[in-house]
Every structure is written in C-alpha cells, then in structure tokens.
Amino acid sequence: METKGIVICGVGGQGSLLASKLLGKVLVNEGYDIKVSEVHGMSQRGGSVITYVRYGEKVYSPVVQSGEADFVISFERIEAARYAHLLRKGGIIITNTQRIDPMPVIIGAAEYPENILDELTAKGVQIEAMDALSLAQQAGSVKAVNIVLMGQLAKHFHIGYEKWIAAIEQTVKPQFVEMNKKAFELGYHFGE
Amino acid sequence: MKELMIGNAAVARGLYEAGVEVVSSYPGTPSTEITEFAATYNDIYCEWAPNEKVAMETAFGASLRGVRAACAMKHVGLNVAADPLFTLSYTGVTGGLVVCVADDPGMHSSQNEQDSRHYAIAAKVPMLEPADSAECKEFAKLAFDISEQFDTPCLLRMCTRIAHAQSVVETGERIVPEKKSYEKNPQKFIMAPANAIRRHPFVEERTAKLVEYAETSPVNRIEMGDTKIGIIATGACYQYCKEVFGEGASILKIGMVNPLPVQKIRDFAAKVEKLYVVEELDGVIESHCKNIGVEVIGKEMFTPLGEFSQKSIAEAFGLPAKETVTADTQIPVRPPVMCSGCPHRGMFYILSKNKITVLGDIGCYTLGSAAPLTALDSTLCMGASISGLHGFAKAAQGEADHNTVCVIGDSTFMHSGMTGLANIAYNGSKATVIILDNSITGMTGHQQNPTTGYNIKGDPATKINLEALCHSLGINRVRVVDPYNLEETEKAVKEELAADEASVIISRRPCVLLKYVKPKKPVFVDPDKCRSCKRCMKLGCPSIHIGADGKAAIDTTLCVGCGVCEQLCPFGAIGHEESTMAELPPAQCVGK
C-alpha cells in the first residue's frame, strides 16, 4: 500500500499529543509501520502546533508535506485552513468549528478570516465541520475535543469501533477512560 | 516487545539496555525527554544538573569510577559543556561515556541553528547519528561499545525530527557490564601539561583507528539502487531521500558522522554516475569528500538553512510538486504566547509601562518580547542578561542605572546567572536584576531545578534559597514581590531602580501550569461598565479580546482568574462577579 498521511493541528495546549498517541496505538495494533512527528517546546505555548502521522507497509519520512495528507484533523477553524495545502486531492478536513483568536487578531493587527472554510469548500475541499467543544463538554471536559475529533475520524477507517475503545483504554489514565470513551462515541455518531 | 517510541525515549531505552548507571543532564529542547525517560528506569541514577558543564563533569566522574555514564543536552548546551569535552577527549574513559546532543534545524525552539558535528571534529571524538527510533536505541548502545573499545567519550547526535518522531522499537534486556574497581591513573587523568602532551599522540592514533572502523562497520552502509544518482546522507535526510527515490537511487547511509570513512566513500563514488551529499545545516560531509578528492554536489543545491523534507529534496532534484489546494485569504499567524495567568505578565506589563530597557534571557519569558508587551531588548544565551546588564551599565557610565534592568528565570539563574551576579557585586555596577522565579524550568516542559525543592523523580530535595544566595553573592538589596500584585511590583521596580547600589528583585509566583497551582474562577467583564478603553488589551492575555460590540470579553475556558486585568481596569468592569457574559456557554464567548 501507498503510505498514508494524517495531520493533526491546533493551538498549543489543546491536546494534539494525546490524539496522535491514540491514533498511533490503533495503527500499531493493526500491524502498520508508522511514524509520528511532533514538535515540543516553544510552540506549545499557545502557538500553532502540528503533528504528522504516516503509516503503511514501510514508512521513511516522519513528516507530511504538501499534497500528501489523506486527512487534516483540526482543533480550531483557521488552523484547518492553515494546513489545508497538506491535503492530497480528495483528502478530507475534519475540524472543530471553535474560534480561538491568535494574538495578532487580539491586538487588532490582523482580521480573523470568518469564512475561510466556505472558501475552501468552494474550491472543492471536502470539510466535515463540527462543534467538538460542545460535544466535549457534553462528555464531561472541554479537554476532550481531541478525542471527539478522533471519533469522527474513526468513521473513515475500516477498523472496528471496539479496537478504538481498546486503544483509548491503553492510552489515557484510568480516571479519564470513561469520559474519553463518551467523547469518542459522541464524535463517532456526530451527524448521524 | 515492539513499542512506538519517540527517538528520545528510544535513546533512554538504549541507555537502560547498555547498563548505564548514571545520567546527569540539563533540560533543553529537543533533548529533554532522553533524561526524563531515563529517570523512569529505577536501575539508572538520574538527575537534573544546574547546567550542561556540571552534567558532563558528573558523567565524567561516574565514568572515572568505572561505570557507564551519560549526559544529554541541546546543541547550545554543548557550548557550555565544551570545556570538559575537549579534555575528556585526551583522558578517555574508564566506564563508557556517551554525550547525547540534540540539534534543532529549523529552530523550532532554539536561538540558533549551530551544527554540533563541528564539535566532534574539533574535539576529535566519534559521533553517531541515528535515523529513526530503532537506531536511536541501537546507536546509544553502540556508542558505549565504541567509547570503551577506543577509550573515548562518544557523541550521539540527535535532530528534532529524530528526537521527537515516534517509530517502532524492539526492546531488549538490560545488560550491566562487570564493574571495574577504581585504580588511580594520574598519567591518564591528570591533564597537566606533562601528561597531556603524552595523551595528544594517543588522540591522533585513536582517530586513525576510528577511521578504519568507519570503513568496515555496518554503521555506514551502502544501499545500491539505480546508479545514475548516488546520495550520501545521514539521519532524517536519509529518510527523506528514501521517500523520494526508493530504489531509484543508490545511498551511502552514514551512521558515524565523525570520523568519516575515506575508502568507503571513494568506492561508492566509483559505482555511481553522479554523487550528491544531502545534509542539513553545514556541508560537513561535503567538505570531507572534497578533501579526499571525491567530486560531489552539495550546498550549491541544498541550502544550509533550516530543515529538509521529502518535498524540499524533490524540489532540489527538479521533480514535480504534488497537487494541492490553498485558501486565497491571508491567514493570520499564530505565534506562541505567554499563557493565561502567566506570572511573568504582570512584571512585563510594569516594565513596558515604565519604558524600561530590559536585557532578557532564555526561557518562557522570551515571549515577553512579543506585542503588545514588547518588553525585551535582547536575548543572547543562558545567563547573558545579567552579565550583559553589567557591561551595558558600565558603558552607559551611570546613565543606565535608573532605567535598565535584566530578567532571568530561576532555572537560568542557577544555570549561569550566579557568576554574572557575582561580577555585578565584585566590579560594582548599580544594576537591578529581576529573577522571574516561577519555581520550575518552564519552557522545556516543567523540569525541577535546585530552587524548586524537588529532584527529577519528584522527591523532596535541598531547596536553594535565592534570597540568601543573592545576599551571599554580595548583593545587599534583595526583595521579593508577587507579580500578580501590580502596585507592589511597580513600587519595587521603581524603588530598586532609584537605589544607588546593585539590587535583586525576586518576582515570585509558581507557573500557572504546575499541577499544584489550582486555577481560580475566571473573571468576567460587565459590559455595562466597560467603556472600551482597551487598557486590559495591553497585557497581551490570550483570554481577553474585544467583542463585536467593541467591549472587552473574557474566554472563560482559558481564564484562570489571576486578576491582573482586574487591577488595570479603571472602571471596575472586570471582576469575579458573574454578569450577563457568564450566562453564555463558553463556546459562544470565544472570539465573538
């Protein structure tokens, strides 16, 4: 098989590392070769953050480049647009509709592009947008946005629901398992 | 057992399996997790040292006593530890000694893009460079074998894309080599001139032997494919080239980047039509090839700047770009910011408000340079704020004494601020030094340091008293302020700047992300009282923004209730009292 690429992006502190950890676990359990590339340190402090996941029979590079991603998973609206160029033709954006103003917008030096997703849709990009923050709150914590989005992503995979749940149990701390299972379920059934 | 591990965790696993007994490091992205993961193995003694030089010398002592030892640091950390490294090259080791050093091409979290391979060449020590997590583990173990076989410290070079990339690792058993009994050996370990002069020939002979090793060791391997294109690559660049060419090119993968083989490169060059060196940062391998008379294409085709990728390499070879879609509308940048409730914010606001010149240092507080606070004037290296302020004050001949300060974190102060403060006291400048004490090493992700009262395992440890330390370094005026209290903070800054002698202000408040710091209830804006003066916006707090009605609004999912904005509001519009804003669910408060 050709190597597949998934991009997980958002604002530092939103929990992209846990999302990639869960995804990595599922894909390793399925027997794929996999590489995940993260950036730690300075950009974690409220900056734009991105994690690359690549899997297949044999994976060399740990990074996803322009036109190589099958999915862009975004925790915030304009972050989805920032990394849309990474999508390959026919690739899908799954994004939380939450708006978090970056500092240039907060101090009035730039405008928040409200309709950026519509612009991408008009260009033929397939976008699945959802209010993952509300679903996460419904599950019990605003921090579960990451797992809600993973639930939505899981629908596109031929990997059994229970295998994702097993990976959640292997990945998150015991006290948060139930809440994350609920968040995953809400994401998985969104739009049905 | 197969596990998905980041490169740094795999290095730690390698240290464990190699039977390492002592690890001493100073945190620095992208090297930090090596030591954090090593500390999860109870069989290894691990510690955070105050700086990289202390860490390397601690590892030296452990090696001298006969056990395997390691230290880890970022590229600029090796500058600090360069002094012991160069002479360790002469003494060699007793127990194996491995120095892990992580470069940061692309400067994701660094102040420069230096290439640590130059240190291996200059200090005449071997250096290995892994290309994925499995190699991280294997090369960490191999580095100890090389260290002991050739009587040398061995460098293990990491890069961000290897250190922080996860791939599959097969774990093995820990094997501890037989303990050596300590024997005094002054000719080898006392590097006074008479002995050192006899050790230098040993170093040169060792390099010749290491070159022989490089010729035959499988650590440098040839993967023959199409012979039209031959590529010499290491680390992440090897992966990018494989991604682009697969079997469509022949590759000499270099695993030992110093010393480099000679005959192996000549033989490989003879088998391919055109030879390229694909290496990030400096043309180190390229220079070597040219020195041994092998014609290669290198930096004329591949930039010395930043990170490479499969895309940049494909472009350099003139291969077509992949199809893609982008938005036409400009997307605003999202730079990293100081967190909501960051204790540094209050101090930076006061410094900015009073138009004070501020020499900065390395840490989260470097973010105080960004708008709207724009509070910093310089950032150079660990500790340079204090020493720099001294020089600035001397040069200004009194004109800077009442309007210039420096800021340095608690961990950075322990790292290399103390000597600068001693200089201020000893050589008599009237500088005001502000220690931003957030009780943790913040930017690298919360590591303990000698002022926090805990060690790397989280167990209680001696807590160095910063006030007493500053006093003992010869500073009479030392005071502590809470940066959440703007009035108190401003008073302290003004009084200490006015004083006719050197002073230290310790701005003390633990990092808001620490687990034991419980966030307070968020504050709210009363829209009836808010008059849109935007004074609260001068804080650059990510929780505050101006809504569509022109009034300030606070994101209650981010706000931790530090109350700094509350003190700034001249109309009493910000408070813990819930108002109409509170009735909206948080999602609708965000950015609207």
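So, a few notes on the structure that sits alongside this text. Keep in mind it's a predicted model, so treat the numbers as computed, not measured. (Residues numbered from 1 in each chain as written. Chains lettered and ligands numbered in written order. Predicted model: local features only at pLDDT ≥ 70, side-chain atom pairs only at ≥ 80, totals over all residues. Heavy atoms only, no water.)

## Side note on helix H12 (residues 263-271) of chain B
Residues and elements named next belong to chain B. Put simply, the test is: For the exposure calls, accessible area comes from a 1.4 Å probe over protein chains only, and a residue counts as buried if that area is under 20% of its type's maximum, exposed if over 50%, partly exposed in between. Elements are defined by DSSP. Helices are runs of H or I of four residues or more, strands are runs of E of two residues or more, and each kind is numbered from the N terminus. Directions pointing from the helix axis toward each C-beta atom define the arc. The contact definition used throughout considers only heavy atoms, calling two residues in contact when any of these lie within 4.5 Å.
Of all the positions in H12, only Lys264, Ile265 and Phe268 are classed as buried. Seen along its axis, H12 keeps its buried residues to an arc of 95°; they face one direction. On its buried face, H12 sits against helix H10 (193-216), strand E9 (221-223), strand E10 (229-233), strand E11 (250-253), strand E13 (274-278) and helix H13 (284-291).

## Points about the interface of chain B and chain A
For clarity, the threshold we go by: When two components associate, each loses some accessible surface as probed by a 1.4 Å sphere; the sum of these losses over both components is called the buried area. Within this document, salt bridges are pairs made up of a side-chain nitrogen of Lys or Arg and a carboxyl oxygen of Asp or Glu, the two lying within 4 Å of each other. Whenever a nitrogen or oxygen atom comes within 3.5 Å of another N or O atom, the pair is scored as a polar contact, on the condition that within protein one atom can donate a hydrogen and the other can accept it, and that pairs from neighbouring residues in sequence are kept only if both atoms are in side chains. Three categories are distinguished: nonpolar for Ala, Val, Leu, Ile, Met, Phe, Trp, Tyr, Cys and Pro, charged for Asp, Glu, Lys and Arg, and polar for the others, with Gly belonging to the last. Whether two strands pair comes down to DSSP finding at least two bridges between them.
Listed by partner, the interface residues are 56 residues for chain B and 60 residues for chain A. Interface area for chain B against chain A, summed over the two sides, is near 5,200 Å², with a carbon-plus-sulfur share of 60%. A per-residue breakdown of the area chain B buries against chain A is headed by Arg161, Pro332 and Arg334 of chain B, which together make up 15% of the total. On the surface where chain B and chain A come into contact, there are six salt bridges. Across the pair Glu323 of chain B and Lys89 of chain A runs a salt bridge whose closest N-O atoms are separated by 3.8 Å. Our count for the contact surface shared by chain B and chain A stands at 22 residue pairs in polar contact (both at pLDDT 80 or more). Of all the elements in the fold, those that place two or more residues in the side of chain B that touches chain A are strand E1 (2-6), strand E8 (165-170), helix H11 (235-245), helix H14 (310-316), strand E20 (544-546) and helix H22 (586-589) of chain B. Of the residues assigned to the side of chain B that touches chain A, the class counts are 27 nonpolar, 19 polar and ten charged. Here strand E2 (residues 33-37) of chain A runs beside E8 of chain B; their pairing, made up of two bridges, is antiparallel.

## Let's talk about the sheet that holds E1 of chain B
Hydrogen bonds between backbone atoms are what pair the strands of a sheet, whose relative direction is either parallel or antiparallel. Going by this rule: Axis lines are fitted to C-alpha atoms, over the contacting stretch for helices. Their N-to-C directions set the angle, which ranges from 0 to 180 degrees.
Judged by pairing direction, the sheet is mixed, and its eight strands sit side by side in the order E6(A)-E5(A)-E4(A)-E1(A)-E3(A)-E2(A)-E8(B)-E1(B) without closing on themselves. Two strands lie at the open edges of the sheet, namely strand E6 (126-130) of chain A together with E1 of chain B, each paired on one side alone. For this sheet, the mean angle separating the axes of adjacent strands, direction not counted, is 20°. In the sheet, strand E4 (residues 69-74) of chain A pairs with strand E5 (residues 87-96) of chain A via five bridges, with the strands oriented parallel. Counted as the bridge partner of Phe71 of chain A is Ile92 of chain A from E5 of chain A. Each of strand E1 (4-11), E4, E5 and E6 of chain A is contacted by helix H6 (residues 145-154) of chain A, which is oriented at about 140° to E5 of chain A, the strand it contacts most.

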